[in-house]
Amino acid sequence: MDFLMLITAYGKLGQFNKAERIMTHINKKGYTPSVISHTALMEAYGRAGQYNKAEAIFRRMQSSGPEPSPLTYQIILKSFVQGDKYKEAEEIFQNLLSNEKAPFKPDQKMFHMMIYMHKKAGSYDQARKIFTQMADHGVPQSTVTFNSLMSFETNYKEVSKIYDQMQKAGLRPDVVSYALLISAYGKARREEEALAVFEEMLDAGVRPTRKSYNILLDAFAISGMVEEARTVFKSMRRDKCNPDLCSYATMLSAYVNASDMEGAEKFFRRIKQDGFEPNVVIYGTLMKGYAKANDLEKMMGVYEAMRMQGVEANQTILTTIMDAHGKNSDFESAIIWFKEMESRGFPPDQKAKNVLLSLAKTPEERMEANAIVGNVVIGTTEGNAGQSTLSVGNADMCGDRAEEDQSIRYQSDDDDEDEDDDDDDENYDDQEDTGSLEELELMV
């Protein structure tokens, strides 16, 4: 056990040479190879992102022992999925599932990992197939299983349907379940249903985490439901989930989406008063609000203030400025800002190109816009007009997060923001699988 502790400790510290030396010492002394020590070192490599070395240990265990345990398989599947080694993960899983000589069959955690893998790869049909196979093989489905299915769907009706199926199966929704359903209703602008689910969650005694609170907050912010968003924001402190910068950005977007720029200005000042430094996303949100209000003077005032603070504009902000000038019949300025993106190191994306095309009104402007964006065929761009609206949803609010609004992601064990995270993977088999997909976490 002392050797195991040393291997685990060195692995967590990234001192793999020392961990390997201990393994060599164990072999030289003639000690029986331990599946626990091998698995610990394999996991350490996986945690460090050295997936090939983790795989090498696993393959060595398969060929010369010790025999991998269910925990070993759980961890190697996790490492493969994290390292985007989907083919290898599928091969191992299917071998356990179909091979009659396999030492054991995939358990719930392995099924969950494969569901997550297919979701991560965008293979939603395959993920649903894995879900069905769980029942076919007698593997119990949990709240986590249904949450993972809910996370795939974009239609609120489908999310609601899966939510109902979960309850009919006798499973209790957790904070992830509620947040996914609220998010689906929020995106569909079904504010009353979103509010009803939020109240149902509170009545059920489910306490949101900060991450899920941010998703709840965004569900109301998307529709400009300021009062409901304020209630959630205040509740965060009450529940000792102090708002982070993402929370403030999302709350600011609620005012902007409600076209309440006076409230947005006051809340922007509060961000600083509460000890936070506005980032590019927060400045961009405020600028978007002024652009919607057709107040170019204030929009550019925020832009200059942002630059004075040393915050560099991103492509979303430059597109907002271009769009605002164009809508004020200043097409030439719009072109200047379009070209500014390139000079700042942001080659205009398709959204920016569509915005510029939508701003061109005269035949001459359309010809110039098409030439700038590189279109060979010149035509009308009315079909692009609707694409000039720029999102200020929560995916844009939290600039570090590149994933879609309220997407569910695989959270590593060592995320110190997860209050309920167990950092000891040696206890993997002992953990209850009711609230997270090792971990299915809310990412805002």
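Before any of the text, the structure's been laid out above.
To start, this report covers the structure provided alongside it.

Conventions used here
- Residues numbered from 1 in each chain as written.
- Predicted model: local features only at pLDDT ≥ 70, side-chain atom pairs only at ≥ 80, totals over all residues.
- Heavy atoms only, no water.
- Phe/Tyr/Trp six-rings, centres within 6.5 Å; stacked < 30°, edge-to-face > 60°.
- Helix = DSSP H or I, 4+ residues; strand = E, 2+ residues; numbered from the N terminus.
- Buried < 20%, exposed > 50% of the residue type's maximum accessible area, 1.4 Å probe, protein only.
- Axes fitted to C-alpha atoms, helices over the stretch in contact; angles between N-to-C directions.
- Parallel < 35°, antiparallel > 145°, perpendicular 65-115°, else oblique.
- Contact = heavy atoms within 4.5 Å.
- Nonpolar A, V, L, I, M, F, W, Y, C, P; charged D, E, K, R; others polar.
- Salt bridge = Lys/Arg side-chain N within 4 Å of Asp/Glu carboxyl O.
- Expected span 1.5 Å × (residues − 1).

## Here's the deal with the packing of aromatic side chains
Tallying each qualifying case throughout the model produces 16 aromatic pairs. Here the aromatic rings of Phe16 and Tyr45 are separated by 4.5 Å at their centres, their planes lie at 20 degrees, and the arrangement is stacked. In this pair, Phe16 is assigned in helix 2 (residues 16-28) and Tyr45 in helix 3 (residues 35-47), connecting sequence segments 29 residues apart. Classification of Tyr45 by relative accessible area gives buried; the value is 4%. With centroids separated by 5.6 Å and ring planes inclined at 80 degrees, the aromatic side chains of Phe233 and Phe267 adopt a geometry described as edge-to-face. Of the two residues, Phe233 is situated in helix 14 (residues 226-238) and Phe267 in helix 16 (residues 261-273); the sequence distance between them amounts to 34 residues. In this structure, Phe233 and Phe267 share a single accessibility class: buried. Taken together through their ring pairs, the aromatic side chains of Phe233, Tyr248, Tyr255, Phe267 and Phe276 make up a single cluster.

## Looking at the packing of helix 7 (residues 108-120) against helix 9 (residues 143-152)
Two elements in contact, helix 7 and helix 9, have axes separated by 10 Å at closest approach and are oriented at 5 degrees. Looking at the two axes, helix 7 sits roughly parallel to helix 9. On helix 9, the residues touching His112, Ile115 and Lys119 of helix 7 are Val144, Thr145, Ser148, Ser151 and Phe152. Considering only residue class, the contact of helix 7 with helix 9 consists of three nonpolar, four polar and one charged.

## What about the pattern of salt bridges?
Applying the stated criterion to the full structure yields 16 salt bridges. For Glu153, the salt bridge identified is with Arg128, shortest N-O distance 2.8 Å. With Glu153 in the loop between helix 9 and helix 10 (156-168) and Arg128 in helix 8 (residues 124-136), the pair connects residues that are 25 residues apart, well separated along the chain. Assessed through its relative accessible area of 29%, Arg128 is described here as partly exposed. Arg238 serves as the salt-bridge partner of Asp239, at 3.5 Å between the closest nitrogen and oxygen.

## As for helix 17 (residues 280-292)
Relative to the 18 Å expected for 13 residues at 1.5 Å per residue, helix 17 spans 18 Å between its end C-alpha atoms, a close match to the ideal helical length. Buried residues dominate helix 17, accounting for 11 of its 13 residues. Residues Val281, Ile282, Tyr283, Gly284, Thr285, Leu286, Met287, Lys288, Gly289, Tyr290 and Ala291 constitute the buried set of helix 17. Just downstream of helix 17, Asn294 is the residue with a positive phi angle, here 60 degrees.

## Brief notes about the environment of Phe16
Accessibility expressed as a relative area gives 9% for Phe16, which makes it buried. Along the backbone, Phe16 and Ala48 are 32 residues apart, and their C-alpha atoms lie at a distance of 9.9 Å.

## Looking at unusual backbone geometry
Put simply, Gly65 and Pro66 share a cis peptide bond, and its omega is -5 degrees. Position of Pro66 among the secondary structure elements: in the loop between helix 4 (51-64) and helix 5 (70-82). The phi torsion at Asp84 lies on the positive side, around 60 degrees, for a residue other than glycine. One can find Asp84 in the loop between helix 5 and helix 6 (86-98). Overall, Asp84 belongs to the partly exposed group, its relative accessible area being 47%.

Keep in mind that these numbers describe shape and distance, not what the molecule does.
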